[in-house]
Amino acid sequence: MNWEQLLSLKRQGDKGKRLRVEQDDTRLGFEVDYDRIIFSAAFRSLQDKTQVIPLSKTDFVHTRLTHSLEVSVVGRSLGRLVGKKILEKYPHLKEVHGYHMNDFGAIVAAASLAHDIGNPPFGHSGEKAIGEYFSIGKGQQYKDQLNPKQWQDLIDFEGNANGFSVLTADRPGIEGGLRISFATLGAFMKYPKESLPKKPTKNIADKKYGFFQSDKVFFEEVAADMGLIPNKSGKDIGFERHPLAYLVEAADDICYTIIDFEDGINLGLVQEEYALEYLIKLVKDSIDSAKYSTLITKEDRISYLRALAIGSLINDAVRVFIENEEAILAGKFPYALTDKSKYKAQMDDIIKLSVKNIYQSREVIEKEIVGYQIIQTLLDKFISAMNNKFNGTASNYDQLILKMLPEKHNVEKENLYDRLLHICHYVSMLTDGNALELFETINGTKKS
């Protein structure tokens, strides 16, 4: 892979290349990506999707929206720091092609902003609830009518693949979705493969999948344009990662490790003395002991340590990337950057404590149980109604159910796979609150 090709400004529908030297620096294409994402309805819906505790009414708990904004800030820093080093190593990128270090920051920031845009309500249990509707629920009836990869898309419903659809899927009059630059799409694609074969190697790029069968053709177009390295053969499609996808992943890893931990502390799920013990290990080289001793409140102490910890992890991720940049370009770096961090043991300790005290807390478990019931009920009602309509057997109740669909989702789909995926996509785009309200309406339990 080469950086000039990887930093493609091309957008869906373009017939030729967009050259960096011809860009207006007051309205740079990579910054337009960020703007288009942040003004999109899908991004706004993240304000009512919680990051850790579904349906929480606690003010300071992070939503998916605040988490995504924070990941984009960390991603921008990672991109700029790496970009500075890349331009020093390959000066022709600046001198001939006109790239700046801020271009790298803008690409990673935009992809980081969108990294959770396809995630269903109720956290990661939302993905599992959709998948299990098909694998062990009423959706099992459709298995024999789909090919193996279509079926795998459904039983392993993946927020990353759904996000690629959000960013790129056509609608009448809206060709190419948000029309994001290929470079930003490449950085967004953490898992550039289809749903089968499942986890064929230990390569981090094979951990999950990144596109549905319905988006395969355009996915291949993006990968080919940027020169991503194929790592599958025959009828299976998969590629090595775009180098900047490692930075998007690192930004997310850093934020959820440290900030979810901070949420747990503020909620009282993690005791402050434990938190200090874990965080001090990350910041011992940068902490100002005199300043720290003046901080009176727990919130201020934890906030100070959190900022220093994120700074330590950013600098170390940049170090790992630059030391392995040639291997990454060659498609021979099968790890996450944090896997090779000098702070890996400390991050693992924090995640282990978070899993025990936060992710498996009673409040989280109770809300995820509610989420399962809501998501599977909505899938069943809308899929049944849409299929009955297609087959000409829709009841009056089915017709009423379909009237609950927003106009942009109330469309005809000739293919069963497309109908099933369409309803999964609709449910996945609901906020926690929207999903609960719709569930109560259907069940006749909504309070007037």
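Conventions used here
Residue indices begin from 1 for each chain and proceed along its sequence in written order. Only residues with pLDDT of at least 70 are given local features in this predicted model, and only at 80 or more are side-chain atom pairs given and counted; all residues enter the totals for whole chains, interfaces and linings. Side-chain descriptors were evaluated using all non-hydrogen atoms of the structure, hydrogens and water having been removed beforehand. Strands here are runs of E lasting at least two residues and helices are runs of H or I lasting at least four, both read from the DSSP assignment and numbered beginning at the N terminus. In this treatment the radius of gyration is a C-alpha quantity, and the globule benchmark scales as 2.2 Å times the residue count to the 0.38 power. With a 1.4 Å probe rolled over the protein chains alone, any residue whose accessible area is under 20% of its type maximum counts as buried; one over 50% counts as exposed, and the rest are partly exposed. One side-chain nitrogen of Lys or Arg within 4 Å of one carboxyl oxygen of Asp or Glu is enough to make a salt bridge. Both site types are read off a 1 Å grid over the protein atoms alone. A 1.4 Å probe that fits but cannot get out defines a cavity, while an open set with protein on both sides within 12 Å along at least five of seven lines defines a pocket; lining residues have an atom within 4 Å of a point. Grid points are joined across faces, edges and corners, and a volume is the space filled by probe spheres set on the points. All amino acids are sorted into three groups, where Ala, Val, Leu, Ile, Met, Phe, Trp, Tyr, Cys and Pro are nonpolar, Asp, Glu, Lys and Arg are charged, and the leftover types, Gly among them, are polar. Centre distance within 6.5 Å is the pairing criterion for rings of Phe, Tyr and Trp, where only the six-membered ring of Trp is used; planes under 30 degrees apart are then read as stacked, over 60 as edge-to-face, and the remainder as tilted. Lines fitted to C-alpha atoms define the axes, with helix axes restricted to the stretch in contact, and inter-axis angles between N-to-C directions lie between 0 and 180 degrees. Relative orientations are named as follows: roughly parallel for angles under 35 degrees, roughly antiparallel for angles over 145 degrees, roughly perpendicular for angles from 65 to 115 degrees, and oblique for any other angle. We call a crossing left-handed when the near helix sits turned anticlockwise from the far one by less than a right angle, and right-handed when that turn is clockwise. Any pair of residues with heavy atoms lying within 4.5 Å of one another is described as a contacting pair. Residues counted as positive are Lys and Arg, residues counted as negative are Asp and Glu, and His and the chain ends are not counted.

- As named in an unreviewed UniProt entry, the protein is DGTPase, taken from Flavobacterium ammoniigenes.

1. With respect to the overall build of the protein
So, point 1. Secondary structure assignment for the protein yields 21 helices and zero strands.
So, point 2. For the protein, the C-alpha radius of gyration of 22 Å lies close to 22 Å, the compact-globule estimate for 448 residues.
So, point 3. Principal axes of the C-alpha set define a box for the protein whose edges measure 70 × 55 × 40 Å.
So, point 4. Across the 448 residues in the protein, those meeting the buried criterion constitute 54%.

2. Description of the pattern of salt bridges
Once their charged atoms are close, side chains differing in charge can pair, the charge on each being opposite to the other.
So, point 1. Per the stated rule, a full pass over the model turns up 26 salt bridges.
So, point 2. With a shortest N-O distance of 3.0 Å, Asp-14 and Arg-179 are connected by a salt bridge. Here Asp-14, found in the loop between α1 (3-6) and α2 (29-38), pairs with Arg-179, found in the loop between α9 (159-168) and α10 (182-188); they are 165 residues apart in sequence, far enough to count as distant.
So, point 3. With a shortest N-O distance of 3.0 Å, Glu-262 and Arg-306 are connected by a salt bridge. Highlighted residues: Glu-262 in helix α12 (residues 243-266) and Arg-306 in helix α15 (residues 298-323), separated in sequence by 44 residues.
So, point 4. For Glu-262, a relative accessible area of 9% gives the class buried.
So, point 5. On the basis of relative accessibility, which here comes to 23%, the residue Arg-306 falls in the partly exposed class.
So, point 6. The structure contains a network of salt bridges with shared partners spanning Asp-14, Arg-18 and Arg-179.

3. Some thoughts on empty space enclosed by the protein
So, point 1. Summed over the entire model, instances satisfying the criterion amount to three cavities of 30 Å³ or more.
So, point 2. If you add up the space inside the largest cavity, you get close to 80 Å³.
So, point 3. If you go around the largest cavity, the residues you meet are Met-386, Lys-389, Phe-390, Leu-402, Asn-410, Val-411, Glu-412, Lys-413 and Arg-419.
So, point 4. For the lining of the largest cavity, the per-class residue count stands at four nonpolar, one polar and four charged.
So, point 5. If you add up the space inside the second largest cavity, you get close to 40 Å³.
So, point 6. Taken together, Ile-254, Leu-313, Asp-316, Ala-317, Leu-337, Thr-338, Ser-341 and Met-347 make up the lining of the second largest cavity.
So, point 7. The leading source of residues in the lining of the second largest cavity is α15, at three residues.
So, point 8. Broken down by class, the residue content of the lining of the second largest cavity amounts to five nonpolar, two polar and one charged.

4. Section: unusual backbone geometry
So, point 1. Of note, the bond from Leu-196 into Pro-197 is cis; its omega dihedral lies within 30 degrees of zero at 0 degrees.
So, point 2. Here Pro-197 lies in the loop between α10 and α11 (216-226).
So, point 3. In this model, Arg-179 sits at a positive phi of 50 degrees, which is unusual for a non-glycine residue.
So, point 4. In this structure Arg-179 comes out as partly exposed when scored by relative accessible area, which is 24%.

5. With respect to the packing of aromatic side chains
So, point 1. The full count for this structure, using the stated rule, is 15 aromatic pairs.
So, point 2. Ring geometry for Phe-261 against Tyr-278: centres 6.2 Å apart, planes inclined by 75 degrees, an arrangement best described as edge-to-face. You can see Phe-261 sitting in helix α12 and its partner Tyr-278 sitting in helix α13 (residues 272-283), a full 17 residues away along the chain.
So, point 3. Judged by relative accessible area, which is 18%, Tyr-278 ranks as buried.

6. A look at the packing of helix α8 (residues 148-155) against helix α20 (residues 416-428)
Geometrically, a packed helix pair is captured by the angle between its two axes and the distance between the axes.
So, point 1. For the pair α8 and α20, the least separation of the axes is 11 Å and the interaxial angle reads 15 degrees. Viewed along their axes, α8 and α20 adopt a mutual orientation that is roughly parallel. Crossing angle aside, the handedness with which α8 passes α20 is left-handed. Contacts between α8 and α20 involve Gln-150, Asp-153 and Leu-154 from the former and Tyr-417, Leu-420, Leu-421 and Cys-424 from the latter.
So, point 2. Split into classes, the residues belonging to the contact of α8 with α20 amount to five nonpolar, one polar and one charged.

7. Considerations on the environment of Gln-399
So, point 1. The topology assignment puts Gln-399 in helix α19 (residues 396-402).
So, point 2. By relative accessible area, Gln-399 is classed as partly exposed at 42%.
So, point 3. Distance from Gln-399 to Pro-230, taken between C-alpha atoms, is 46 Å for residues 169 residues apart in sequence.

8. Examining α9
So, point 1. The buried fraction of α9 is high, at 10 of 10 residues.
So, point 2. Along α9, the residues classified as buried are Gly-159, Asn-160, Ala-161, Asn-162, Gly-163, Phe-164, Ser-165, Val-166, Leu-167 and Thr-168.
So, point 3. Buried positions along α9 lie against α2, α3 (41-44), α7 (124-135), α10, α11 and α20.

9. Considering the environment of Gln-47
So, point 1. Considering the arrangement of structural elements, one finds Gln-47 in the loop between α3 and α4 (64-89).
So, point 2. Placed 18 residues apart in sequence, Gln-47 and Leu-65 show a C-alpha to C-alpha distance of 4.8 Å.
So, point 3. Setting aside residues no more than four positions away along its own chain, Gln-47 makes contact with Thr-63 and Leu-65.

10. So, the side chain of Glu-127
So, point 1. Here Glu-127 shows up in helix α7.
So, point 2. The side chain of Glu-127 sits in the buried core without any salt bridge; Lys-208 is the nearest counter-charge, 5.3 Å away.
So, point 3. When neighbours within four sequence positions are excluded, Glu-127 is seen to be in contact with Pro-120, Phe-157, Glu-158 and Gly-159.

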